[in-house]
Amino acid sequence: MSKVTAGLDRVTRVPGVRGALIANSADGLVVAEQLMDGVDGRAVAALAGSLIARLARTAHSAGLRPPVFVHLRGDEGSILAAPGADGLVLLAVVGREANVGLARLEMLAAAGRLA
Amino acid sequence: MRALEPWVEAPLQSFLAESSARLTLLMTSSGQVVAQHGFGRSLDIMTAAALGAGIVASTEELARLMGGSRFEALMHQGSRQSCMLSAFSTPRGRWIALVVFGPETSVGIVRLFFDAMVQQLATAAPREPVRPTPLLAEDFEHELDASLKALLGR
Amino acid sequence: MSDDIRTLTTRLAEEPSSLAFLELAESLRQRGKLDAAYKVARGGLGRYPGLADAHDLMARILSDRGDLAGAFDAWSDALRLDPLRTGALKGIAFLYFRAGDVAAAIAHLERASEADPDDPSIHQALARVRRESTAAAPPPDTAPAPAPISPPAAPAPDSPFTAGVEDERGVLLVDANGMRLAGELSADDGSEAGDRVAAQLAGVSREAARATRLLGLGTWQSIAVESPGAHLILTAPTSETVLLVTRDASFPMARVGLIADRAARTARSWLEQVG
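So, here's what we can say about the structure. (Residues numbered from 1 in each chain as written. Chains lettered and ligands numbered in written order. Predicted model: local features only at pLDDT ≥ 70, side-chain atom pairs only at ≥ 80, totals over all residues. Heavy atoms only, no water.)

What follows concerns the interface of chain A and chain C. The interface is formed by 33 residues belonging to chain A together with 34 residues belonging to chain C. When the two sides are added together, the surface that chain A and chain C hide from each other amounts to roughly 2,800 Å², 62% of it contributed by carbon and sulfur. For A:R104, the salt bridge goes to C:E226, with nearest N and O atoms at 2.6 Å. Our count for the chain A to chain C interface comes out at 14 residue pairs in polar contact (both at pLDDT 80 or more). Among the elements of the structure, α2 (41-61), β3 (69-74), β4 (77-83) and β5 (88-95) of chain A are those that each provide at least two residues to the side of chain A that touches chain C. (Contact = heavy atoms within 4.5 Å. Buried area = accessible area lost by both parts, 1.4 Å probe. Salt bridge = Lys/Arg side-chain N within 4 Å of Asp/Glu carboxyl O. Polar contact = N/O pair within 3.5 Å; in protein donor to acceptor, adjacent residues only side chain to side chain. Helix = DSSP H or I, 4+ residues; strand = E, 2+ residues; numbered from the N terminus.)

Glancing now at the sheet that holds strand β5 (residues 82-90) of chain B. Residues and elements named next belong to chain B. If you walk across this open sheet you meet the six strands as β1-β3-β2-β6-β5-β4, and the pairing is antiparallel. Looking at strand neighbours, the two that pair on one side only are β1 (2-3) and β4 (73-76), the edges of this open sheet. Where strand β2 (residues 23-28) meets strand β6 (residues 93-101), six bridges bridge the pair, whose relative direction is antiparallel. When the bridges of β6 are listed, T24 appears paired with V99. Here helix α1 (residues 6-19) sits on the sheet in contact with β1, β2, β3 (33-37) and β6, set at roughly 145 degrees to β2. Here helix α3 (residues 107-124) sits on the sheet in contact with β2, β4, β5 and β6, set at roughly 20 degrees to β5. (Pairing = 2+ DSSP bridges. Axes fitted to C-alpha atoms, helices over the stretch in contact; angles between N-to-C directions.)

What follows is about unusual backbone geometry. Phi angles above zero are rare outside glycine, and A:D86 is one such case at about 60 degrees. Looking at A:D86, the relative accessible area reads 63%, which means it is exposed. One non-glycine residue, B:S20, adopts positive backbone phi at about 60 degrees. As for its position among the elements, B:S20 is in the loop between α1 and β2. The exposure class of B:S20 is partly exposed, given its relative accessible area of 26%. (Buried < 20%, exposed > 50% of the residue type's maximum accessible area, 1.4 Å probe, protein only.)

So, on to the packing of helix α3 (residues 34-47) of chain C against helix α4 (residues 52-64) of chain C. Residue and element names in this part refer to chain C. Two numbers describe how α3 lies on α4: the axes approach to 10 Å, and their chain directions differ by 155 degrees. Comparing the axis directions of α3 and α4 gives the class roughly antiparallel. Handedness of the α3/α4 crossing: left-handed. Of the residues in α4, those touching α3 at L34, A37, Y38, A41, R42 and L45 are A54, H55, L57, M58, I61, L62 and D64. (Parallel < 35°, antiparallel > 145°, perpendicular 65-115°, else oblique. Left-handed = near helix turned anticlockwise from the far one by under 90°.)

On to empty space enclosed by the protein, then. Counting across every chain of the model gives four cavities of 30 Å³ or more. B:V56, B:T59, B:E60, B:F71, B:E72, B:A73, B:L74, B:L85, B:S86 and B:A87 are the residues that line the largest cavity. Those elements that place two or more of their residues in the lining of the largest cavity are α2 (42-65), β4 and β5 of chain B. Of the residues that constitute the lining of the largest cavity, the class distribution is six nonpolar, two polar and two charged. Of the volumes computed, that of the second largest cavity is approximately 40 Å³. Looking at the second largest cavity, the residues that line it are A:L55, A:T58, A:A59, C:L201, C:V225, C:L232, C:L234 and C:L244. If you list the elements that add at least two residues to the lining of the second largest cavity, you get α2 of chain A together with β4 (230-235) of chain C. Sorting elements by how many residues they give to the lining of the second largest cavity places α2(A) first, with three residues. (1 Å grid on protein atoms, 1.4 Å probe; cavity = no way out; pocket = protein on both sides within 12 Å on 5 of 7 lines; lining within 4 Å. Points joined across faces, edges and corners; volume = space filled by probe spheres on them. Nonpolar A, V, L, I, M, F, W, Y, C, P; charged D, E, K, R; others polar.)

In structure tokens, the structure reads:
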């Protein structure tokens, strides 16, 4: 099992996680994915990738370094993002009841191994 | 944004708003322009349409020779702007889109909302059959001129 | 009523979602029927808030009505949606020129020229602005300061964040156009970063709303951003505003979230009072 697959696997085992994927944040295209039925990885990569890129520009405007973790919360669930090296970003789609704290730790660990 | 047929407007407008594309040209596979956004001159439209239709015809022939299916899209990525050329089916026949976009958006966003536009066009297209028209009608030049004026809003 | 206006009105009535409002409002504007043009354009903008043509049209109508600040806003919106839109660049250049800010007028016209090098009207405008600025320039030591057009009125000096959220610094309330309503934000070097960040936040809010909607996650509630050195929370106190709260990274994110909740309540009350 590759490092990438192993990282996705650990994230998707967290309760409430509907899927995880690695995307290129500049292109918004999927690099690898492990998703439950009904989760559109291509849309997640494009939409979340675009949002992360904009947040990075906002952080830069504020004189801050790029984000290491982002939690976009909707009233029906969330998107979690952990940018890694080489413009890759690890993304997860989670339900309302998900253990976001555990998912965050797994994602930060997995994102650190992205290259 | 200008379209020769009103039913194209809403899907194209939605695509433009969501994708942040700088230039968009929709044309038939023979290079007849259906709608445009961002072009300022008729010469640019005619040239882009002819080149786009030619490139799609070439790559589809290449795909046929290699025994594969048609290419979904051609993407040329540049540092200042990128270009997507894609052929797609509509109830009015096979159309081609040429989309130019900059770093303010991404390939993923453009493709995501482009696919949504293709679906919306399929839904919005009037259902009456298309009457074949002669390739070079007697008033071809007049029609071309009128179409370009409509597309440029003049 | 002329034939083309009658035709366009009928078309718009039959198909309210069409883009016929653009031609109708423009025809009305050209005939000097500015109130009617404004109503039609406003209705169209309500349907197509992401359409640069509609903002451009609205700017021309507002400019004709003498509402220059409104025109400035509308052209700014058009440029946000279409950064190479020459009509909006020319319009803003015109407003700057009228206000005496020749440098800003030339900068916008040069951008328009880069976007469309073949438009002779841009070259003519550039030549005219340069010529008139040279002719009108007084001796350097007596030159009065230009009166630039300020983008929209500055926020009221009083702020909702003077009490209850510990510290106004690091709290920013922004409207839907990315203009600061209240609060302050400093960069690490001490410089004021509020306006720069505000300009980005409207786009963040739109992207967040789009992502949660299209991915079936409902309405966006908040964005928590961990950056080395800082924790940020974004929320939307109302549908037309965005609130940013930043704190040092030593603050636990959940605590920043509580501060943001309190600030959002304060902002809502303040907006009701000043609105």
